[in-house]
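Overview (structure and organization)
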Amino acid sequence: MAETKREIERKYDVGAGAALPDLSGVAGVEDVVDRGVVELDAVYWDTPDQRLAAGSVTLRRRTGGDDAGWHLKLPVSLAEGVRDEIHAPLSDTVPRALSGLVRSRVREAELVPVVRLRSARNLCHLLDAEGTLLAEVSIDGVRAERLDGGTGTAEWSEAEVELADGGDPAILDKIEKKLKKAGARRSSSPSKLARALAETAPKQNGTERAEPETATRSGKKAGKSEAVAHVVRETVGEGPGTAGDHVVAYLRAQRDAIVSLDPAVRRDLPDSVHQMRVATRRMRSALKSYRKFLDRTVTDPVGDELKWLAGELGVDRDQEVLAERLTTRIDALPRTLLLGPVRGRLRIWSVARRAGSRRRTVAVLDSKRYLALLDTLDALLAAPPLRPAASAPPAKALPKAALKDYARLAARVEHALELPPGKQRDVALHDARKAAKRARYTGESAVPALGKPAKRFAKRMKAVQSVLGDHQDSVVAREALRALAIQAHLAGESAFTWGLLYGQEEAAGADRERELPEVWAEASRAKVRAALGG
């Protein structure tokens, strides 16, 4: 059974033979307990082309200390030293509970031992006045040995400070001041493994490689487009040189989001399904909105597979949203209007549908079709199918794509508003919602290149999408409430409350329909053109 903890730690470079300074004077620390020296032996596993390391993910089998076993560390905020550590018991092979969490990176590749780290850890605990653990501080003497066919070794010493579970991160700054006064400096490597890989890298052309090769999250060597994407991500307020460069960088960011969110979805973390679905939709939307720049014979089949994935993720996400909406409605009702086992029936209905959707989502992520899609995305980004129009400057080409999406939205909104209230209008408004979402994504994708004009455009499209989205949610909620009312009636229960909630949702939908013309006026063609400078 795997267990998870949030790890917040900082690492520091220290000289060989260094000792910890006196930490008893750190504010809030009442006692420093020497825990002696612990011998740790860890073997790190990865693919032969180091796909996990490329994504700052570490997988190790460690003996020694009080947490022997398998450890998988997933980055949360590398800059702040925050990672989620999932622990599984010792075994000879990688536990299935952990191998699934790295499948989006590993895929069909083999996991093999790549580095062995043996550490002599001189450990102490910092306690407060009540004897509560504040942080663990250690000096580690590390010896690294390459296991993946190389013979490289390396040795170094480092200090490590790990915040206790539930501790105040402010204590880390106070400890750091003491360590820096003693000569310690923040480590330039995010982990022991990263340092070991760099310092034991095989020689090339008779000289030792200075830095590990840049890799994508799938572990493949980066090409020109990867370098462009890196510049886009790291340079604030500056877009890439051409519209095509910009689009490729945006697509790559969405691919990276899908891959990195995969473990969170498998772990059922809050909002993870939603975020993964959004990344999938954003990528598909970009392939459509920027068709002028991309070869559709290549991208259309990819878009079809992204639509499939978003649809599968939607089974789980839509049920989650619907259950939250109905629960909120029930919570707002006076007790006198809750006739029958309303909460219990909703809970049973929600759990049954949720359990089935969860199993289906995980099965999708384990499927060959999903893994093939990830490989296809890698291939697409390794050799982007750019058309001649992609060489245009972003400031000229991207607004045209946004205005085209706006025109599509305008036609759908105007058509929906011409229809009388009823099912046909509901369907038309739902189609308009999808167009609003696509226009919004196009605006958001253009922000790195266009700045504030694209932000203003995206904000207006989001306002339209929100009204249309709430209307569609009311339509879906009414369908669910009708089904719940039928179930209650057949079970001999009162259906009064379900009918009351149905009426509320019907009124909410009508309110959104009345609100739409005003919101749409704020997103008028003239204002949109002015925002984009068109």
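The notes below deal with the structure included here.

Calculation rules
Residues numbered from 1 in each chain as written. Predicted model: local features only at pLDDT ≥ 70, side-chain atom pairs only at ≥ 80, totals over all residues. Heavy atoms only, no water. Helix = DSSP H or I, 4+ residues; strand = E, 2+ residues; numbered from the N terminus. Buried < 20%, exposed > 50% of the residue type's maximum accessible area, 1.4 Å probe, protein only. Arc of directions from axis to C-beta. Contact = heavy atoms within 4.5 Å. Axes fitted to C-alpha atoms, helices over the stretch in contact; angles between N-to-C directions. Parallel < 35°, antiparallel > 145°, perpendicular 65-115°, else oblique. Left-handed = near helix turned anticlockwise from the far one by under 90°. Nonpolar A, V, L, I, M, F, W, Y, C, P; charged D, E, K, R; others polar.

Thoughts on unusual backbone geometry
Unusually for a residue other than glycine, Gln 50 sits at a positive phi of about 60°. Within the secondary structure layout, Gln 50 lies in the loop between strand E2 (31-46) and helix H1 (51-54). The phi angle at Asp 271 is positive, at roughly 70°, despite the residue not being glycine. Residue placement: Asp 271 occurs in the loop between helix H7 (243-266) and helix H8 (272-289).

Thoughts on helix H16 (residues 525-532)
The set of residues buried in H16 consists of Val 528, Ala 531 and Leu 532. The arc that holds the buried residues of H16, viewed along the axis, is 90°, so those residues lie on one side. Seen from the open side of H16, the exposed residues pointing more than 90 degrees away from its buried face are Ala 526 and Ala 530. Those residues of H16 that are buried lie in contact with helix H12 (394-418) and helix H14 (452-490).

Focus: the packing of H7 against helix H11 (residues 368-382)
It is at 10 Å that the axes of H7 and H11 come closest, and there the two elements cross at 150°. Relative to H11, H7 is oriented roughly antiparallel. The handedness of the crossing between H7 and H11 comes out as left-handed. Residues Val 248, Leu 251, Arg 252, Arg 255, Ile 258, Val 259 and Asp 262 of H7 lie in contact with H11, whose contacting residues are Tyr 370, Leu 374, Leu 377, Asp 378 and Leu 381. Of the residues assigned to the contact of H7 with H11, the class counts are 8 nonpolar, no polar and 4 charged.

Quick look at the environment of Leu 251
As for its position among the elements, Leu 251 is in helix H7. Overall, Leu 251 belongs to the buried group, its relative accessible area being 3%. For Leu 251, the residues in contact, after removing those within four places along its chain, are Met 283, Ala 286, Leu 287, Leu 294 and Leu 381.

Read these as layout, nothing more, since geometry by itself doesn't imply function.
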